[in-house]
Amino acid sequence: MIGIFFWGFLLAYGGLMMALSPRAVTLGGFFNGDDRQGRRAAPWLLTSSIFISWIFAKSVTNAANLGASYGLVGGLAYATYWLSIPLAGVVIYRLRRRFGATGLVSFLSSTYGRSAALLFSAAILIRLFNEVWSNTAVVGGYYGDSGSPSFIIAALLFTAVTLAYSLRGGLRSSILTDAMQAVIFLAALIWVLGLVLPQHSMSALASTSHWALDAGVDLLLVAGLQIFSYPFHDPVLTDRGFISDEKTLRRSFLIAGVLGFFAILAFSLVGVHASLTGITASDNVPAALAKSSGVVALLVMTVVMVSAAGSTLDSTFSSLAKLAGRELPLLAGRDLGQKAIGVGMAVMVAFALLGNLPMLAGTDILKATTISGTMVIGLAPVFVLHGLVRPTRLGFHLSFWIGLGLGLGLTLGWVPPSWAIGDGKYALLLGTNLYGLLLCTLGYLLPGVLDPRLTGTAGR
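Please read these numbers as outputs of a predicted model, since none were measured by experiment. (Residues numbered from 1 in each chain as written. Predicted model: local features only at pLDDT ≥ 70, side-chain atom pairs only at ≥ 80, totals over all residues. Heavy atoms only, no water.)

Draft legend 1. Expanded view of helix α4 (residues 57–70). The terminal C-alpha atoms of α4 lie 20 Å apart, and with 14 residues this matches the ideal 20 Å at 1.5 Å per residue to within 8%. In the stretch just after α4, Gly71 is the one whose phi turns positive, near 75 degrees. (Helix = DSSP H or I, 4+ residues; strand = E, 2+ residues; numbered from the N terminus. Expected span 1.5 Å × (residues − 1).)

Encoded structure:
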């Protein structure tokens, strides 16, 4: 009966999301989230969508895992990534207001050339690919051990129900269902915190933290560096920066970022609780804790993860559809018109299938954040410093390729140990990001400073 209840919940969740999801038949509804009358999403809908879409299931899991490993320092380190949201809001607001940007892909194409836009689009596709498997794997972990039949079936069933309502309404479906997912997530989070927090004093919760580089502070510094680049390769976030007026944009991104920061920090306390009660640190501390706390706790934690994963996965599908159906064809000089919706749907289905392959292989979900964050550090100067010097194609490519090269070098073990800062687990990651960001910034600025004639661009 318990098994039927858990599997039934997954199906009921899919049915509820289908019922909430409208059928978007217009381009504005499918790609921009407009309603049937062509009106933009209400400010509160946009804020809740930004908030819950970035509360990834993998993020909630990583926050708890880091809380178990490093205490509140670990939770603070991971929560720092949510400061990316208000920062992205300020940067996108500036690009829209001062430089007339209507989207990041089109902005790069008109300013730095088509090759820059294509490279950026490739980075986006890798990011969205990672979002599929890293979230479905978390959901699967509440139904079985990694690689087990129940794990795989749950992950694929969750993918299927999310795909179904995403195909129905695109971004409009994502925004409307996000509101319900945010309510479900916050209610379940409050219940979870009410279960674990009364068992410990504040001094006990703080006792597992140590402010040292080898005790999680190195990861905190990494996050502080990556927030300047990390948000710009995630269209789940940035797409929402172009579907409202500028005033709503700033307010929604600020509120969503602050809420996200505190939600992730709060959930890391689940990991701190697990550490204090002797639960062994693993790659899925929330699942281990829930399974040791009884059926009700496991169900509530499952609700948290499914709502968090669903809000991210449907946004991933809608961003894929927009990139494939609208932005890439426009780069090639073609406007697909109404056919863009069909192309977007086809790409949704393809990524639903291919994007689960790493999940089947059992890849570490934290790598989807830290490694990809290093590969795109070259985007920070391009967007944050745009307008400081005359924009050049050479500057874009130097910054982008330096960041990508260092990210690949870190993955393949080619970065020399001498780059490490400290001797903690993330020492080499910290050094690579610090020195890499400095190199990317120099690579971006120097061509514009030394010889403004090296443009070949439509400088703004």
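Draft legend 2. Representation of the packing of α4 against helix α13 (residues 246–276) within the structure. With their axes 6 Å apart at the nearest point, α4 and α13 run at an angle of 45 degrees to one another. Looking at the two axes, α4 sits oblique to α13. In this structure, α4 crosses over α13, and the sense of that crossing is right-handed. Here Ser59, Val60, Ala63, Ala64, Gly67 and Ala68 of α4 lie close against α13, whose contacting residues are Ile264, Phe267, Ser268, Gly271, Val272 and Ser275. (Axes fitted to C-alpha atoms, helices over the stretch in contact; angles between N-to-C directions. Parallel < 35°, antiparallel > 145°, perpendicular 65-115°, else oblique. Left-handed = near helix turned anticlockwise from the far one by under 90°. Contact = heavy atoms within 4.5 Å.)

Draft legend 3. Quick peek at empty space enclosed by the protein. In this structure the tally under the stated criterion is 2 cavities of 30 Å³ or more. Taken as a whole, the largest cavity encloses approximately 70 Å³ of empty space. Along the walls of the largest cavity sit Gly103, Leu104, Val105, Phe120, Ile124, Pro235, Thr238, Asp239, Phe242, Lys322 and Glu327, which together make up its complete lining. When contributions to the lining of the largest cavity are tallied by element, the ones reaching two or more residues are α7 (104–112), α8 (114–140), α12 (235–238) and α15 (295–331). Looking at the lining of the largest cavity residue by residue, the class counts come to 6 nonpolar, 2 polar and 3 charged. (1 Å grid on protein atoms, 1.4 Å probe; cavity = no way out; pocket = protein on both sides within 12 Å on 5 of 7 lines; lining within 4 Å. Points joined across faces, edges and corners; volume = space filled by probe spheres on them. Nonpolar A, V, L, I, M, F, W, Y, C, P; charged D, E, K, R; others polar.)

Draft legend 4. Region of interest: the nonpolar core. Residues Ile55, Trp82, Leu108, Phe185, Phe267 and Phe383 are the most contacted members of the largest nonpolar core, which totals 130 residues. In terms of residue count, α15 provides more of this core than any other element does, 17 residues in total. Setting aside its immediate chain neighbours within four residues, Phe267 contacts Val60, Ala64, Leu189, Pro286, Met301, Val304 and Met305. Counting residues in each nonpolar core, the second largest holds 5 residues, with Ala137, Phe151, Ala155 and Met359 among its members. (Core = buried A, V, L, I, M, F, W, Y, C linked by side-chain atoms within 4.5 Å. Buried < 20%, exposed > 50% of the residue type's maximum accessible area, 1.4 Å probe, protein only.)

Such coordinate-based values are descriptive only and should not be taken to indicate function.
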